[in-house]
Amino acid sequence: MSGQRQIRNLALIGFMGTGKSSTGRWIALQMHYDFVDTDDLIEKRAGKPITKIFAEDGEPAFRELERQIVGELATRNRTVIATGGGLGADEENLASLKRHALVVCLWATPEGVWRRVNSQAHRPLLNDPDPMGRIRTLLAQRTPVYRQADVLVNTEFRSVREVAQHVMHEFQVARQRTVPREKPNPATHPRTGF
Ligand code: S3P
């Protein structure tokens with residue numbers, strides 16, 4: 001895959017509540033990149049909130065919308081992409097994102113996730129009598145795929161700004177590695193010109 005890989009975009013994957021959207025928005029502002037959030041795109045396309053998509057159409061219909069959006073993202077340029085927690089846990093979605101983006105996984109422990117999501121009610125997968133048990137199970141199932149991201153960044157007890165700065169640094173390093181450098185000019189670099 002590395003032969004055709006172009007790092008034009010930055011994709012944030014990771015479990016619910018790891019700060020993908022807030023971190024992504026912050027980075028996009030700093031780098032003057034566009035920002036997209038796959039959950040927002042899906043809600044617009046479906047014309048209803050995610051809780052309703054799950055309730056009325058079922059999770060498979062939601063995952064199909066995710067796959068469509070992932071395919072469309074391949075045409076983006078200079079875009080920070082925040083993904084829904086399940087999107088980056090799918091091997092095909094991940095492979096597709098890697099073709100045009102550096103994929104960074106934001107990481108937190110089940111306890112860290114719970115601290116951030118327990119006051120929110122918009123995540124149908126956590127609408128469970130034992131949400132903490134559900135977080136542990138889902139996170140364990142998804143970890144093997146999340147770990148295939150290019151970079152893993154721990155978000156535990158770190159501010160959005162700290163995490164964003166870490167991610168931006170990784171992005172700049174990756175871009176320097178993959179964007180071809182200009183050839184040295186022999187007049188200005190006499191010792192490296194040949
Ligand atoms: C999901 C995570 C949510 C949203 C949907 C399903 C998941 O996004 O896509 O509720 O499967 O983990 P966030 O990670 O932004 O909460």
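Cut-offs used in this document
Residues numbered from 1 in each chain as written. Predicted model: local features only at pLDDT ≥ 70, side-chain atom pairs only at ≥ 80, totals over all residues. Heavy atoms only, no water. Helix = DSSP H or I, 4+ residues; strand = E, 2+ residues; numbered from the N terminus. Contact = heavy atoms within 4.5 Å. Pairing = 2+ DSSP bridges. Axes fitted to C-alpha atoms, helices over the stretch in contact; angles between N-to-C directions. Phe/Tyr/Trp six-rings, centres within 6.5 Å; stacked < 30°, edge-to-face > 60°. Buried < 20%, exposed > 50% of the residue type's maximum accessible area, 1.4 Å probe, protein only.

A.B. asks: Got a minute to help me understand the environment of R99 in this structure?
C.D. replies: In this fold, R99 is placed in helix α5 (residues 91–100). The spatial distance from the C-alpha of R99 to the C-alpha of M16 is 24 Å, given a sequence separation of 83 residues. Not counting the four nearest positions on each side in its chain, R99 is found in contact with Q4, R5 and Q6.

A.B. asks: Is there a simple way to think about the sheet that holds strand β5 (residues 151–154) in this case?
C.D. replies: By way of backbone hydrogen bonds, the strands of a sheet pair with one another, either parallel or antiparallel. One open sheet holds the five strands; their spatial order is β2-β3-β1-β4-β5, and the pairing between them is parallel. Each having just a single partner strand, β2 (34–37) and β5 make up the two edges of the open sheet. Averaged over all pairs of adjacent strands, the angle between strand axes in this sheet comes to 20 degrees, irrespective of strand direction. By the bridge criterion, four bridges tie β2 to strand β3 (residues 79–82) in an arrangement that is parallel. Along β3, the bridge assignment pairs D34 with T79. Taken strand by strand, helix α2 (residues 38–46) contacts β2 and β3, and its axis lies near 65 degrees from that of β2.

A.B. asks: Explain the packing of aromatic side chains to me, please; I cannot follow it from the model alone.
C.D. replies: Think of a pair of aromatic rings as described by two things: how far the centres are apart, and how the planes are tilted against each other in angle. In this structure the tally under the stated criterion is two aromatic pairs. A ring pair is formed by Y33 and F171, whose centres lie 5.9 Å apart and whose planes are at 85 degrees; its orientation type is edge-to-face. Pair noted here: Y33 is in the loop between α1 (20–31) and β2 and F171 is in helix α8 (residues 160–178), with a separation of 138 residues, a long-range link. For Y33, a relative accessible area of 12% puts it in the buried group.

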